[in-house]
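Here are the chains, one letter per residue:
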Amino acid sequence: MNRREALRWATVLLGGIASPSALRAISMNSAPSHDNKNYFNEFHSRQVATLAELIIPTTSTPGAIVAGVPQFIAMMVSDWYTEAERSIFMAGLDDINYYCQQQYKNNFNACSVEQQTQALIHFESIAKAYVSTTPPSLTMQTSDEATPFFSKLKELTVLGYFTSEIGITQSLAYNPMPMEYKADIPLTDKTKQWSQY
Amino acid sequence: MMKGSFDQAADFDAIVVGSGISGGWAAKELTEKGLKVLVLERGKNLRHGIDYFSEHQPPWTKPFGGKPLRELYAEEYPIQSQNIIFDEMTRPYFLNDKQNPYQQQKAFNWTRSDIVGGKSLLWSRQVYRWSDLDFEANKKDGHGIDWPIRYADIKDWYSYVESFIGVSGEALGLDHLPDGIFQKPMELNAVEKSIKANIEHNHPDRVLTIGRTAVQTEPKNGRGACHYCGPCERGCSVGAYFSSLSSTLPAAEKTGNLTMRPESIVEALEVDPVSKKITAVKVIDAATGERMRFSGRLVFLCASAMASNQILLNSRSETFPNGLANGSGSLGRYIMDHYGDAIFALMPGYDDRYYSGNRPNNFYIPRFKNLSDNTKESAFVRGYGFQGASIRSTWSMMAGQVPGFGAYLKHALMRPGPWFTFMAGFGESLPRYENQVALHTSKRDRYGIPQLRFNVAFGENEARIREDMVVTGSEMLKQAGGVNINSVSINNVPGDAIHEMGGIRMGYDPATSVLNAYNQAHEVVNLFVTDGSCMTSASCVNPSLTFMALTARAADYAVKQLAAGSI
């Protein structure tokens, strides 16, 4: 078992679930539809960019928009998601927009940042109530296609950001040729996490 | 390329089937001793350095953020994609399951490569010597037949192999895990050092050491030292890690005696009924489907443990109706693999410690049970070891655990996460008659070769060892300060550990074994089998170094026999 294998197991274990039979399950039976169609219209695209930046904002390092996360999400929703996953994601975009209309009498894109944040908090609370019945997967994918909108949005944003060139080179420590393994170095306030390869 | 035929003199002095860890060594040794050698490899050609398409590719070039191509993997790579190193950076190195089916009477996860160099490009590189604890095990407890060799027979060959491949590790002076020729060991990190101290304090008969790995820490053998980039399996142009491509095959090529033929699927070996020698190797060209045969005075079968079984089983004749060299009836039986559970624990208390670089190595806890009267277990025979590491969790592990969104989330994911330690047990399985591979009676692959059918399962002794490794491993991590301790079954299905062995075992007695003490078939003097299929027991110790040492030793013997006119 190499380091990367351990990482994947730990991903599952830190979630607190450790059913041996479940861990073997690799859910990849669903077929994505590769029609190279962009499912996002102009409104969706602005909505997704705003949401991604709310999740990974610009701080001392660039945020989701600069890192190209909105384009990553559009690609994943179009080319990697299954039909079931895509329909939950697209419905979620409509739902959060509808929520804003009801609460703030404005569409999501026209709301203030404070209102958009409150709307996202609301959708996170819905996601928290969700209990998955699908076993976790060994591979770095969500094996449960039915996870709620917020979970999908957060997962794609985090994945897109920390696998982007900007995210990796500016928010993580990246060195493709370290030349040595330093086994024990002190951690300071500035230490960034070593990037995955 | 000359085609072989019965009527002319042999095309080659020797034919080596397979170019992986064993085949590469056979090619090197035989060519260096002056033999003209043909290497037949079923996989695609792969040029060292030039063809490592994904080496040092930055992580942002992975398609879909590294997510699996679900539809493709499920359809065409359902077995291979279970390998943790299988992704878009390595996929071309694996065999396509859909195009190359096999039959699982009982589940068997058969990892297969599709490249020159074989699994030597994809292995985890852990290399340990076996000891007389292993070579005497069958004789002492009566499971399986006695090994026809002892540590003294192979000791110098281990040194010979280690010097050439480059092994980094720490000398310990243990009888049951003999020291080798080591380069400077890699280092344990802060948490691992603490666990080591704790285990060795609480259990004076147990040891934790850095893994002995075929990754150079010093530039040697015309190859570079490790630069700690991480994903060895993508290929290593500087040859810091040992593979056939980086070391044995170039050495063979340098002699001018090597002919390499990729995309060559060996269907069967043909034997002369009178001399009982192999007269031809029947080959199917994977690209054209053309059937051809090559002849050699010697044949080294190193096709991989299970594939070598398949080839001998499929080499049936009037002389050998049950498979070549199978007068004993033991061919295809006594299949073994390692297995085990892994234990995970969070390790609080080291928040101010970190590391940098990607160490392509783990720690190792050598076997500590059933070594002596003091460590004797009543519940099981044989034993197990642990491989593990301590690391800080990463963004991908924490994303689902850190609630909310915004600057807090971002900064939490940018920082090194909580330390955790994992240890994977590797248990010894017993050689059992009923654990068998055979040819399917009707199902054939796309080349018309009967498919291999697996009927292999772990038994009672293995189950008890697994229980013990969980209890004992969890206890050690708890004593070392671990919390939230969990265990998971990682290598449950035979094949999972990719240490499959047996089926063409060595032994003294032609009535119960296929090979003699020099990996030579009892009944076919010009046939040598030196991959994992030759193993008479499984040990709990990683076997690849032993395959290499046995191969070099067999090549030495074969060439002497050839010169003496005995073959």
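Sequence order as written defines residue numbering, which begins from 1 separately in each chain. Starting at A for chains and at 1 for ligands, labels are handed out in the order in which the entities are written. Note on the predicted model: pLDDT of at least 70 is required for a residue's local features to be given, and 80 or more for side-chain atom pairs to be given and counted; whole-chain, interface and lining totals, by contrast, use all residues. In computing side-chain values, all of the structure's heavy atoms are included and hydrogens and water are not.

1. Regarding the domain arrangement of chain B
One frequent convention defines the size of an interface as the accessible area lost when the parts assemble.
Residue and element names in this part refer to chain B.
Part 1: Along its sequence, chain B is carved into domain 1 (10-125 + 238-337 + 433-455 + 499-567) and domain 2 (186-211 + 339-427 + 459-493).
Part 2: Of note, the centres of domain 1 and domain 2, computed from C-alpha atoms alone, are 33 Å apart.
Part 3: Between two residues, a contact is recorded if the distance between any of their heavy atoms is within 4.5 Å. Contacts between the two partners involve 11 residues from domain 1 and, on the opposite side, 12 residues from domain 2.
Part 4: Where domain 1 abuts domain 2, roughly 730 Å² becomes buried across the two surfaces, and 48% of that area is made up of carbon and sulfur atoms.
Part 5: Counting the surface domain 1 buries against domain 2, the share from its top three residues, D337, C540 and N542, is 54%.
Part 6: Only one rule defines a salt bridge in this text: a Lys or Arg side-chain nitrogen within 4 Å of an Asp or Glu carboxyl oxygen. In this assembly, domain 1 and domain 2 are joined by 0 salt bridges.
Part 7: In the analysis that follows, any N or O atom pair within 3.5 Å is treated as a polar contact, provided that within protein one partner can donate a hydrogen and the other can accept it, and provided that, for residues neighboring in sequence, both atoms belong to side chains. Run the count over domain 1 and domain 2 and you get 1 residue pair in polar contact (both at pLDDT 80 or more).
Part 8: Residue polarity is assigned by list, with Asp, Glu, Lys and Arg as charged and Ala, Val, Leu, Ile, Met, Phe, Trp, Tyr, Cys and Pro as nonpolar; anything else, Gly included, falls into the polar class. Considering only residue class, the side of domain 1 that touches domain 2 consists of 4 nonpolar, 5 polar and 2 charged. By convention here, the domain bounds are inherited from an automatic or database domain assignment. By convention, the term buried area covers the 1.4 Å-probe accessible surface removed from two parts as they join, with the contributions of both added.

2. A few points about the pattern of salt bridges
Residue and element names in this part refer to chain B.
Part 1: Across all of its chains, the model carries 37 salt bridges over all chains by this definition.
Part 2: Measuring nitrogen to oxygen at the nearest pair gives 3.1 Å for the salt bridge that ties K98 to E75. Linking K98 in the loop between α2 (70-76) and β3 (103-104) with E75 in helix α2, this pair joins segments that are 23 residues apart in sequence.
Part 3: A single salt-bridge network, built from bridges that share partners, covers E136, K140, D146 and R150. Strands here mean DSSP runs of E at least two residues long; helices mean DSSP runs of H or I at least four residues long; both are numbered from the N terminus.

3. Describing the interface of chain A and chain B
Part 1: Facing the 88 residues of chain A at the interface are 79 residues of chain B.
Part 2: Taken over both partners, the interface formed by chain A and chain B buries close to 7,700 Å², and the fraction arising from carbon and sulfur atoms is 62%.
Part 3: Here chain A is connected to chain B by 3 salt bridges.
Part 4: Between A:E155 and B:K67 there is a salt bridge, and its shortest N-O distance comes to 2.7 Å.
Part 5: Across the chain A-chain B interface, the total number found is 32 residue pairs in polar contact (both at pLDDT 80 or more).
Part 6: Breaking the side of chain A that touches chain B down by element, the ones donating at least two residues are α1 (3-14), α2 (20-24), α3 (42-55), α4 (69-80), α6 (113-128), α7 (149-162), α8 (165-171) and β1 (182-186) of chain A.
Part 7: Per element, the largest residue contribution to the side of chain A that touches chain B is 11 residues, and it comes from α1(A).
Part 8: Of the residues in the side of chain A that touches chain B, the class split is 46 nonpolar, 25 polar and 17 charged.
Part 9: For two strands to be treated as a pair, DSSP must find no fewer than two bridges joining them. With 3 bridges connecting them, β1(A) and strand β12 (residues 353-356) of chain B associate as antiparallel partners. For A:P186, the partnering residue across the bridge sits in β12(B) and is B:R353.

4. Topic: unusual backbone geometry
Part 1: The phi dihedral of B:H56 falls on the positive side, at around 60°, and the residue is not glycine.
Part 2: Secondary-structure assignment places B:H56 in the loop between β2 (37-40) and α2.

5. Considerations on the packing of aromatic side chains
Part 1: Side-chain rings of Phe, Tyr and Trp (the six-membered ring for Trp) are treated as a pair once their centres are within 6.5 Å; stacked means planes under 30 degrees apart, edge-to-face means over 60, and tilted covers the remaining angles. Applying the stated rule across the entire model yields 39 aromatic pairs over all chains.
Part 2: Here the aromatic rings of B:F53 and B:Y93 are separated by 6.0 Å at their centres, their planes lie at 75°, and the arrangement is edge-to-face. Linking B:F53 in the loop between β2 and α2 with B:Y93 in the loop between α2 and β3, this pair joins segments that are 40 residues apart in sequence.
Part 3: Three labels apply to residues, based on accessible area from a 1.4 Å probe with only protein chains included: buried if under 20% of the type maximum, exposed if over 50%, partly exposed otherwise in between. By relative accessible area, which is 41% here, B:F53 ends up partly exposed.
Part 4: What links up through ring pairs into an aromatic cluster is the set A:F40, A:W80, A:Y81, A:F89, A:Y99, A:F123 and A:F149.

6. Some details on helix α5 (residues 151-165) of chain B
Note that an α-helix has 3.6 residues per turn; residues three or four places apart therefore point the same way.
All names here are of chain B.
Part 1: For a helix, the expected span equals 1.5 Å multiplied by the residue count minus one. Taking 1.5 Å per residue, 15 residues should reach 21 Å; α5 reaches 20 Å between its end C-alpha atoms and fits that length.
Part 2: Those residues of α5 that fall on the buried side of the exposure criterion are Y151, I154, W157, Y158, S159, V161, E162 and I165.
Part 3: Residues of α5 that are buried sit in contact with α1 (21-32), α3 (132-135) and α12 (544-563).
Part 4: Positive backbone phi, approximately 85°, marks G166, located one or two places after α5.

7. Thoughts on the sheet that holds β2(B)
By way of backbone hydrogen bonds, the strands of a sheet pair with one another, either parallel or antiparallel.
All names here are of chain B.
Part 1: Pairing in this open sheet of 5 strands is parallel, and the strands run β5-β2-β1-β9-β20 from one edge to the other. At either end of the open sheet lies a strand with only one pairing partner, and these are β5 (258-261) and β20 (527-529). On average, each strand axis in the sheet is inclined to that of its neighbour by 20°, with strand direction left out of account.
Part 2: Pairing of strand β1 (residues 12-17) with strand β9 (residues 296-301), which is carried by 5 bridges, proceeds in the parallel orientation. Its bridge partner being in β9, V17 is matched across the sheet by L301.
Part 3: Think of each axis as a best-fit line through the C-alpha atoms, taken over the contacting stretch in the case of a helix, with angles from 0 to 180 degrees between the N-to-C directions. Its contacts with the sheet place α1 against β1, β2, β5 and β9, and it is angled at close to 165° to β1.
Part 4: Sheet strands in contact with helix α8 (residues 305-313) are β1, β9 and β20, and its direction is about 135° off that of β9.

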